[in-house]
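Structural overview
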Amino acid sequence: MTNTANVAKGLEGVLFTESKLTFINGTEGILTHLGIPIQEWAEHSTFEELSLALLDGKLPTAAELAAFDAELKANRAVPQALLDVIAAMPRGVHPMQALRTAVSYLGLLDPQAEETSEDARRAISIRMIAQFSTIIAAVNRAQEGQDIVAPRMDLTHAGNFLYMLTGKEPTEEQARLFDIALVLHADHGMNASTFTAIATASTLSDMYSCITSAVGALKGPLHGGANEAVMDMLDEVGTPEKAEAYISGKLDRKEKIMGVGHRVYKYFDPRSRVLRDYAELVANKEGKSTYYQILETIEKTVVDRIGSKGIYPNVDFYSGTVYSDLGIRKEYFTPIFALARISGWCASVIEYTRDNRLLRPDAVYTGERDGKYVPLQDRQ
Ligand SMILES: CC(=O)SCCNC(=O)CCNC(=O)[C@H](O)C(C)(C)COP(=O)(O)OP(=O)(O)OC[C@H]1O[C@@H](n2cnc3c(N)ncnc32)[C@H](O)[C@@H]1OP(=O)(O)O
Ligand SMILES: O=C([O-])CC(=O)C(=O)O
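In this convention, every chain numbers its residues from 1, walking through the sequence in written order. In the order they appear in the text, chains get letters beginning with A and ligands get numbers beginning with 1. In keeping with the model being predicted, local features are shown solely for residues with a pLDDT of at least 70 and side-chain atom pairs are shown and tallied solely at 80 or more, while totals for entire chains, interfaces and linings include all residues. As a rule here, side-chain values cover all heavy atoms of the structure and leave hydrogens and water aside.

Identification of the chain as Citrate synthase from Deinococcus rhizophilus is taken from an unreviewed UniProt entry. In the Pathway (unreviewed entry) part of its UniProt record, the chain is described as follows: "Carbohydrate metabolism; tricarboxylic acid cycle." UniProt positions are given in the numbering used here, feature names are shortened, and annotations may be inferred rather than shown by experiment.

1. Description of the site of ligand 2
Every residue lining ligand 2 is accounted for by H188, N191, H223, H262, R271, F337 and R341. Definition of a polar contact: a pair of N or O atoms within 3.5 Å, with one able to donate and the other able to accept a hydrogen when the atoms are protein atoms, and with sequence-neighbouring residues admitted only if both atoms are side-chain atoms. Within the contact set of ligand 2, an oxygen atom lies 2.7 Å away from a side-chain nitrogen or oxygen of H262. Within the side chain of R271, an N or O atom sits 2.7 Å from an oxygen atom of ligand 2. Taking 260 Å² as the accessible area of ligand 2 by itself, protein coverage stands at 85%. The residue classification treats Ala, Val, Leu, Ile, Met, Phe, Trp, Tyr, Cys and Pro as nonpolar and Asp, Glu, Lys and Arg as charged. All others, Gly included, are polar. Residue composition of the shell around ligand 2, by class: one nonpolar, four polar and two charged. Nearness of a residue to a molecule or strand requires only that one of the residue's heavy atoms be within 4 Å of it. Only the protein chains shown count as cover for residues, and the accessible areas themselves come from Shrake-Rupley with a 1.4 Å probe.

2. Focus on the packing of helix α14 (residues 290-306) against helix α15 (residues 315-325)
Axis geometry follows a simple rule: fit a line to the C-alpha atoms, using only the stretch in contact for helices, then measure angles between N-to-C directions, giving values from 0 to 180 degrees. Only runs of H or I of at least four residues qualify as helices and only runs of E of at least two qualify as strands under DSSP, and these elements are numbered from the N terminus. Remark: α14 packs on α15, axes separated minimally by 10 Å, with the N-to-C direction vectors making an angle of 170°. By the angle between their axes, α14 is roughly antiparallel relative to α15. Two secondary-structure elements touch here, α14 through Y291, Y292, L295, E296, I298 and E299 and α15 through F317, Y318, T321 and S324. When grouped by side-chain class, the residues that make up the contact of α14 with α15 number six nonpolar, two polar and two charged. Here roughly perpendicular refers to angles of 65 to 115 degrees, roughly parallel to angles under 35, roughly antiparallel to angles over 145, and oblique to all remaining angles. Pairs of residues are marked as contacts when any of their non-hydrogen atoms sit within 4.5 Å.

3. Looking at the site of ligand 1
Taken together, the neighbourhood of ligand 1 is formed by 19 residues, with H223, I257, G259, R263 and K309 sitting nearest. Here an oxygen atom of ligand 1 and a side-chain polar atom of K256 are 2.9 Å apart. A distance of 2.9 Å separates an oxygen atom of ligand 1 from a polar side-chain atom of N314. A total of 910 Å² of accessible area belongs to ligand 1 in isolation, and the protein chains cover 69% of it. Within the shell around ligand 1, the residues separate by chemical class into 10 nonpolar, five polar and four charged.

4. Focus on the domain arrangement of the chain
For the chain, the domain assignment lists domain 1 (22-222 + 329-353) and domain 2 (226-325). Centre-to-centre separation of domain 1 and domain 2, based on C-alpha positions: 25 Å. Opposite the 29 residues of domain 1 that make contact, domain 2 presents 27 residues. The quantity reported as buried area is the accessible area (1.4 Å probe) lost by two parts once they are put together, taken as the sum for both. Summing both sides of the interface, domain 1 and domain 2 together bury roughly 2,300 Å²; the carbon and sulfur share of this comes to 66%. Each reported salt bridge corresponds to a side-chain nitrogen of Lys or Arg within 4 Å of a carboxyl oxygen of Asp or Glu. Along the contact surface separating domain 1 from domain 2 lie three salt bridges. Close ionic contact of E173 with K285 constitutes a salt bridge, the shortest N to O distance being 2.6 Å. Linking domain 1 with domain 2 are nine residue pairs in polar contact (both at pLDDT 80 or more), by the criterion used here. Put simply, the parts of the chain that give the side of domain 1 that touches domain 2 at least two residues each are β1 (22-25), β2 (30-33), α1 (38-44), α8 (172-185) and α16 (333-353). Taken together, the residues of the side of domain 1 that touches domain 2 sort by class into 14 nonpolar, 10 polar and five charged. Domain start and end points were adopted from an automatic or database domain assignment.

5. Some points on the sheet that holds β2
Strand pairing is defined by DSSP finding a minimum of two bridges between the two strands. Here we have three strands laid out as an open sheet, ordered β1-β2-β3, and antiparallel in their pairing. Edge positions in the sheet fall to β1 and β3 (36-37), since each of these pairs with one other strand and no more.

6. Topic: the nonpolar core
For soluble globular proteins, the rule of thumb is that nonpolar side chains tend to be buried together. Residue types Ala, Val, Leu, Ile, Met, Phe, Trp, Tyr and Cys, when buried and joined through side-chain atoms within 4.5 Å, form a set referred to as a nonpolar core. Using a 1.4 Å probe on the protein chains alone, a residue whose accessible area is under 20% of its type maximum counts as buried, one over 50% counts as exposed, and one in between counts as partly exposed. Core analysis: the largest hydrophobic core is formed by 105 residues, its most contacted members being F132, F178, I298 and I328. Both domain 1 (22-222 + 329-353) and domain 2 (226-325) contribute no fewer than three residues apiece to this core. Setting aside its immediate chain neighbours within four residues, F132 contacts L99, V103, I211, V215, A338, L339, I342 and W345.

7. Re the pairing of β1
Two elements, β1 and β2, share four bridges in a ladder whose sense is antiparallel. Along β2, the bridge assignment pairs N25 with I30. Count of turn residues in the β1/β2 antiparallel hairpin: four residues, of which G29 carries a positive phi of about 70°.

8. Focus on the state of the cysteines
Disulfide assignment relies on a single distance test, namely cysteine sulfur atoms paired within 2.5 Å. This structure, assessed with the given rule, holds zero disulfides. C346 carries a free sulfur, and the closest cysteine sulfur to it, the one in C210, is 8.7 Å from it.

9. Comments concerning the pattern of salt bridges
Summed over the entire model, instances satisfying the criterion amount to 23 salt bridges. The shortest N-O distance in the salt bridge between K288 and E296 comes to 3.2 Å. Since its relative accessible area comes to 41%, K288 is described here as partly exposed. Linked through salt bridges whose partners overlap, the residues forming this network are R273, R276, D277 and E299.

10. A word on the packing of α8 against helix α13 (residues 270-286)
At their nearest, the axes of α8 and α13 sit 10 Å apart, and the two run at 165° to each other. The angle between the axes of α8 and α13 places the two elements in the roughly antiparallel class. Here α8 runs over α13; the crossing is left-handed. Touching E173, L177, I180, L184 and H185 of α8 are R271, V274, L275, Y278, V282 and K285, all from α13. Per-class residue counts for the contact of α8 with α13 are seven nonpolar, one polar and three charged. Here a crossing is called left-handed whenever its near helix is offset anticlockwise from the far helix by less than a right angle, and right-handed whenever the offset is clockwise.

Following this line, the structure appears as C-alpha cells:
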C-alpha cells in the first residue's frame, strides 16, 4: 500500500527558498517588488529601473540607473552570426521556439557563457535583458520576410523594441504604455518559469541554460502562453453578443477559460486591473474594440459563475488587447512576456545561487515492488 496523502500536487504551497524580491498576497490581490506595490512601479518607474532594482535588490540612485541604461544600450546589438541563424529559421515556426533556440545559440557565441560566478551571471544577465528585445524583433522581421531593423540608442528599451519590431518609431504614449506592460510582467515570485530557471541553476549550470529552460516553461498555455490563448478564444467568440453563451457552455462542459484562474491569486490579479485600466483608456479614446467588449462580458460571466471558487482574471487576460491595440500579432504576446520576465529570471537565479542547494524533490513510488525481468521472447 502506498500513501499519496502527503503529495503536494503541483508543489502547491511548498516553500523551497527565501527571496527578498517579490511578495504576493493572493487572497487580497497584493503584489509588491522590494516591498513597493506594483501599481507604484507601473505609475512611476520604467522597465530599466525595475530590472536594475531586481538585480541589485534595492532602488538604484540616479547615477546607477544612468550607468545601467547606458550598459543596456551598449549591449542592444546581437552578433551577426545570431542574426544569420534567425534569418535561416524555417518560416512559420512559433516565435517562442525561435526565442528558445536563439537564446541557446547566443550562449555559443558568448566567451563568458560557462562562467558561473555572481559577477559573470550579472554581466550575462544585463546582456540578455538588452538582447531579448533585439532577438524577438529580429525573429518577427525575418518570419515576415522583412529586413531586420538595427537597434537605436536614442530610444527607451520599450520604445526601441517597438521600433525594431515594426520599423516605425512609436509615439511617446505607445512606448510608455508598452513600458508599463513590461514593468507589470517583470517578476512574479516562484512562478513555473522562474522555478525552472532556478532548478537549472541549482545544478550550477550556466545562465544560458537557465534562461533557455525558462523560455520553454513560459511557453505553455497554463503559464505565459495563456495570453496568446486568450486571443485565440476572443477570435473564436467573434462578437460580444456571443461571449456569455460561449463561456457558459465551456463552464458547463468543465472546460477551462484562458486568462482566468491562478495558483496564488484567489482574487483579481492586481496586474490585470492595471492592464484593464489602460485598455479602458484606449477604449475611451478610440472607441471600444470588439476584443475589449468581449473581454468585459467574459470577465463578468466568469466572476458571476466561478468567482466564488477564487477564479478571477489574471495578468494574461487583458495584456493581449493592449498589445493588439499597438498592432502586435498574437504570436508575439508570449515572447513579449519573456522580454519582460528575463529580468525576474536573472535576478532570481542570482539570488538563489548565492546560497545554492540542488533542487531535487521526491515522488511517492506507486509502481510495482517485486517486478521480475521477463526475457523479451517470453513476453505476451
Ligand atoms: C502568467 C501566468 O502564468 S497566469 C496563469 C495563466 N494561465 C491561464 O490563464 C490558463 C487558465 N488557468 C488555469 O489553467 C489555472 O487556473 C492555472 C493553471 C493558472 C492554475 O491552476 P491550479 O492552481 O492548478 O488550479 P486547478 O486547475 O487545480 O483548479 C482549481 C479549480 O478551479 C477551476 N479552474 C481553475 N482555472 C480555471 C479556468 N481557467 N477556467 C475554469 N475553471 C478553472 C478548476 O476546474 C478547479 O475546479 P474544481 O475544484 O471544481 O475541480
Ligand atoms: O505566478 C504565477 O504562477 C504565474 C504568473 O502570474 C506569472 O508568472 O506572472
